[in-house]
Protein chains: 2
Amino acid sequence: MQTKGNKYGTHRVISPHGVLTQAADKIDNDMNKVYSNEIVCDVISLNIDSASFKQIKDECGGDEEKIKTRIMQIVSERGKMQNPVTGSGGMFIGTVSRIGEDLKNRNLKAGDKIASLVSLSLTPLNIKRITAVHIGIDRVDIEGQAVLFESGIYAVLPNDMPENLALAALDVAGAPAQTARLVKKGDAVLVLGAGGKSGVLVCCEAKKHAGAKGRVIGMVRKQSDADKLLSLGIVDGVILASATQPVDVLEKALKANGGREYDVAINCVNVASAEMATILPVRDGGVVYFFSMATSFTKAALGAEGVGKDVTMIIGNGYCHNHAEITLDILRKNPKIRELFEKTYV
Amino acid sequence: MQTKGNKYGTHRVISPHGVLTQAADKIDNDMNKVYSNEIVCDVISLNIDSASFKQIKDECGGDEEKIKTRIMQIVSERGKMQNPVTGSGGMFIGTVSRIGEDLKNRNLKAGDKIASLVSLSLTPLNIKRITAVHIGIDRVDIEGQAVLFESGIYAVLPNDMPENLALAALDVAGAPAQTARLVKKGDAVLVLGAGGKSGVLVCCEAKKHAGAKGRVIGMVRKQSDADKLLSLGIVDGVILASATQPVDVLEKALKANGGREYDVAINCVNVASAEMATILPVRDGGVVYFFSMATSFTKAALGAEGVGKDVTMIIGNGYCHNHAEITLDILRKNPKIRELFEKTYV
C-alpha cells in the first residue's frame, strides 16, 4: 500500500512549513519515495523560463559549463529548478516512469512521452547530469527525474509534430490561450515583445480574434523581427522600440493606430521595467495582460495609479482550459509559424 | 495662448531623457511656467510616505531642523519630494491656485481644497518654507506649490467629514471601488485581511453587491477582528487563519461556504506570500483580486498554474473612476464604519 500525498504536493515541502511547493525554499526531490497520487517521470530536457535563463546566462557570462554548474547548484539547493532571482521555472519533457496506484485510471501509461504544463518552480526535480546546454533556445538536456502531483497538468505529446516543436510551443501555451479570451472582434491590440516565442503566438491568436476590422500592432526591438512578423501576416503593423522606454513606445504605438489608444495590450517581453510601456497605450477601461515573468506587481499597481489609468491589469496565468490544444492548433494551421518555430526553437 | 504639456507630464522631465516623471532623477518645478493642461496648487501639507519619513527621521537623528533641511535639499535637487533612498513619495493637501485653460471644464475651481491621489514621487513641487514637522504622523506643513498633470488624480475634500477621516479612507479607495465592479449578485466572496482598513471597506462593498443571496466571508487573524466584522454586519461569516498558510485557509474557507469554492477572492492583507491562500479557494473561472502591495507577480502567476487553477488574477490598480466617491459614500452611509475609522485611523 503506497502512502497518499497531498493533492497539491505539500507532502514534499521541506521549508518553510505550511506553504505549497512553489513558495517553498526547498522541497523533497527523493525519487525513491513512493506516493499513490504522484507520477514520476524520466526527464529528457528542461525548457527554462526565458527571464530565468537570461538571468543565469548573464550571470555566467554565457559560458556553458558555468551555466551547467549554476543549474546543478540551484536544483541541489532547492530540490527544483526555480531561479532564486526571477522566481520562475520552465517546464520539462520526459517519459512516464511510474504512475501511483491512485492515478492508474488516467489515460496514461509508463513509457508515454509527456510535457509538464506546470512550472518547474514547483516540481520536484533530481538531476544526475546535464548533457547539453542549448543557449539559443533556453533549453538544457539532462538525465534525471521529476514528479507530477495529482493536481499537476501535463500533455501527452502529439503524433503529428516533433516533440521539441510541441514542447517549445507548450512552454508558453497560457499566453495565446488567454489572448483568445481577451481579444474581441474589432479590437486594437498592442503586443510588446512580439518577435519572441510567446509574442508570435499571441499576435497570431490576437489577429484571429480581432478580425479584419481589428488592428494588431507588434512592438519589437529589431528590424529583422519586424520583417519576420510582417512576412508571417499576423500583424497589421509593427513598431521598433524598447519596452523600457515608455514615452517612446506610447508615441510610436499611438501613431501606428491612427492616434487612438488600444483596447488590449499584451506584454510578452523578457526584460524588467516594461510595465509603463504596456499600460500607457491602453484606453480607459481597456485590458493590460502581463505575460512576462519579469513584471513587477508594485510597478504595475503604482504605475497605473500614477498616470490615472483605469485599466484592468491581469496577471498571466500559465494555465487555462484547452491551452495546449489552442497552442498546438496554431502550429497546425499556420505552416509559416510552424516553419519559424522549427527553425528557431527546435 | 498657453503651451500644452504632455498628458503624463513628460514635458517636466529634466533627466534622464525618455522616462516619466516618477522614474526621473530631476524634474522641472518652475511654477511660473504656464501649461494649458496643468493644475497648480498651493500646498498646505505633505503626508510623507511612511518608509520615506522614517528613513529621513533616522538619518537626521529625529532633529526637526535637520529634517526640514533634508526635505528642502531633496526637493531642491529633484524638483519633487521623492526620497532618493526609498524611492517613495507620499501625497499633498492644498488649495487649487490655477487651472490650465484646457482643464477649465472640470468640476473644480480656484480655492477648492483637494488631496492629491498621485504620488509625490512624480509631482513637481516647490517649497518656500517648511513651517512645521509633525514627527508622529509623518507630516510636514509647508508654504509652496505643486503641479497636477492632466492625468493626475485628486479628490476634492468633502465638507461633511473631517479632513483626516477622508484622507484615511481615500488612501485605500481603489479596493472598494474595484470590489463594486467585480462582485455580482449572489456571489460567494472571500476577503483575506478583512479586519484592516481596506478589508472593512471591501467587505461592506462586497456585501452590498452580492446581496442577500450572496455570501461574504472575512478572513482575519484575530478573534477581536472577527467580532468587529460581525458587529458591523458586513459579513455573513468569518474565519480565523493566517494568509501565509494556504492549505489551512482553503479548508476553513470551504467549510464556511458549505464546501463550495468562491466566485471572487479579494486579498487585502499586508504580508508577503499570501498568493496561494487567495487562489486556492476560488472556483474555476472565478476572479482573484490582489490589492495587497506585498503580492508577488511570479508567485501568483506560477502558483495558479501549478495547481491547475483557471482563474482571472487582477493586479490592484490604486485608481478607478469614482473611487473617491464610492469610498467616502461608505463612510456616509455606514455610521458604524465611520465610527470605527474615526476611532482607529484618525
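Our subject is the structure listed above.
Residues numbered from 1 in each chain as written. Chains lettered and ligands numbered in written order. Predicted model: local features only at pLDDT ≥ 70, side-chain atom pairs only at ≥ 80, totals over all residues. Heavy atoms only, no water.

## Details of the layout of surface pockets
In step 1: Of the pockets and cavities examined, the second largest pocket occupies roughly 1,200 Å³.
In step 2: Lining the second largest pocket are 50 residues; nearest its centre among them are Ser50(A), Gly196(A), Lys197(A), Cys268(A) and Asn270(A).
In step 3: The set of elements that each furnish at least two residues to the lining of the second largest pocket consists of α1 (50-59), β4 (90-99), α5 (197-210), β10 (215-220) and α6 (223-232) of chain A together with α9 (297-306) of chain B.
In step 4: Sorting elements by how many residues they give to the lining of the second largest pocket places α1(A) first, with five residues. (1 Å grid on protein atoms, 1.4 Å probe; cavity = no way out; pocket = protein on both sides within 12 Å on 5 of 7 lines; lining within 4 Å. Points joined across faces, edges and corners; volume = space filled by probe spheres on them. Helix = DSSP H or I, 4+ residues; strand = E, 2+ residues; numbered from the N terminus.)

## Quick notes on the interface of chain B and chain A
In step 1: Contacts between chain B and chain A engage 50 residues on the former and 54 residues on the latter.
In step 2: Across the contact surface, chain B and chain A share three salt bridges.
In step 3: For Arg181(A), the salt bridge goes to Asp310(B), with nearest N and O atoms at 2.5 Å.
In step 4: At the boundary of chain B with chain A, the tally comes to 14 residue pairs in polar contact (both at pLDDT 80 or more).
In step 5: Listed by contribution, the elements that provide at least two residues to the side of chain B that touches chain A are α7 (246-256), β13 (282-290), α9 and β14 (312-315) of chain B. (Contact = heavy atoms within 4.5 Å. Salt bridge = Lys/Arg side-chain N within 4 Å of Asp/Glu carboxyl O. Polar contact = N/O pair within 3.5 Å; in protein donor to acceptor, adjacent residues only side chain to side chain.)

## Quick notes on the side chain of Glu275(B)
All names here are of chain B.
In step 1: As for its placement among the helices and strands, Glu 275 is situated in helix α8 (residues 275-279).
In step 2: Of the side chains with opposite charge, Lys 299 comes closest to the buried, unpaired Glu 275, at an N-O distance of 4.9 Å.
In step 3: Setting aside chain neighbours within four positions, we find Glu 275 in contact with Phe 290, Ala 294, Thr 295, Ser 296, Lys 299 and Ala 300. (Buried < 20%, exposed > 50% of the residue type's maximum accessible area, 1.4 Å probe, protein only. Lys, Arg positive; Asp, Glu negative; His and termini not counted.)

## Regarding the pattern of salt bridges
Residue and element names in this part refer to chain A.
In step 1: Within this structure, the stated rule accounts for 48 salt bridges over all chains.
In step 2: Ionic pairing is found between Arg 12 and Glu 38, a salt bridge with its closest N-O pair at 2.8 Å. In this pair, Arg 12 sits in the segment before β1 (13-15) while Glu 38 sits in the loop between β2 (26-27) and β3 (39-48), placing the two residues 26 residues apart along the sequence. Judged on exposure class, the residue Arg 12 and its partner Glu 38 are both buried.
In step 3: Asp 225 is the salt-bridge partner of Lys 228, the closest N and O atoms lying 3.1 Å from each other. Placement of both Lys 228 and Asp 225 in helix α6 is noted, with a separation of three residues, approximately one turn of the helix. Across the pair, Asp 225 and Lys 228 agree in class, each one buried.
In step 4: One connected set of salt bridges, linked through shared partners, spans Asp 160, Glu 325, Asp 329, Arg 332 and Lys 333.

## Side note on the sheet that holds strand β6 (residues 125-134) of chain B
Residues and elements named next belong to chain B.
In step 1: An order of β6-β7-β3-β4-β5-β8 is seen for the six strands of this open sheet, with the pairing classed as antiparallel. Of all strands in the sheet, those bounded by a partner on one side alone are β6 and β8 (154-156). With direction set aside, neighbouring strand axes in the sheet form an average angle of 30 degrees.
In step 2: With three bridges joining them, strand β4 (residues 90-99) and strand β5 (residues 113-116) adopt antiparallel strand pairing. Bridge assignment links Thr 95 to a residue of β5, and that residue is Lys 113.
In step 3: Across the sheet, helix α1 (residues 50-59) is in contact with β3 (39-48), β6 and β7 (139-148); its angle to β3 comes to roughly 65 degrees. (Pairing = 2+ DSSP bridges. Axes fitted to C-alpha atoms, helices over the stretch in contact; angles between N-to-C directions.)

## Observations concerning unusual backbone geometry
In step 1: Between Ser15(A) and Pro16(A) the backbone carries a cis peptide bond, its omega angle lying at -10 degrees.
In step 2: For Pro16(A), the position within the fold is in the loop between β1 and β2.
In step 3: Phi at Asp138(A) takes a positive value of approximately 55 degrees, unusual for a residue other than glycine.
In step 4: Positive phi is not limited to glycine here, since Asn322(B) has a value of about 65 degrees.
In step 5: Here Asn322(B) shows up in the loop between β14 and α10 (323-333).

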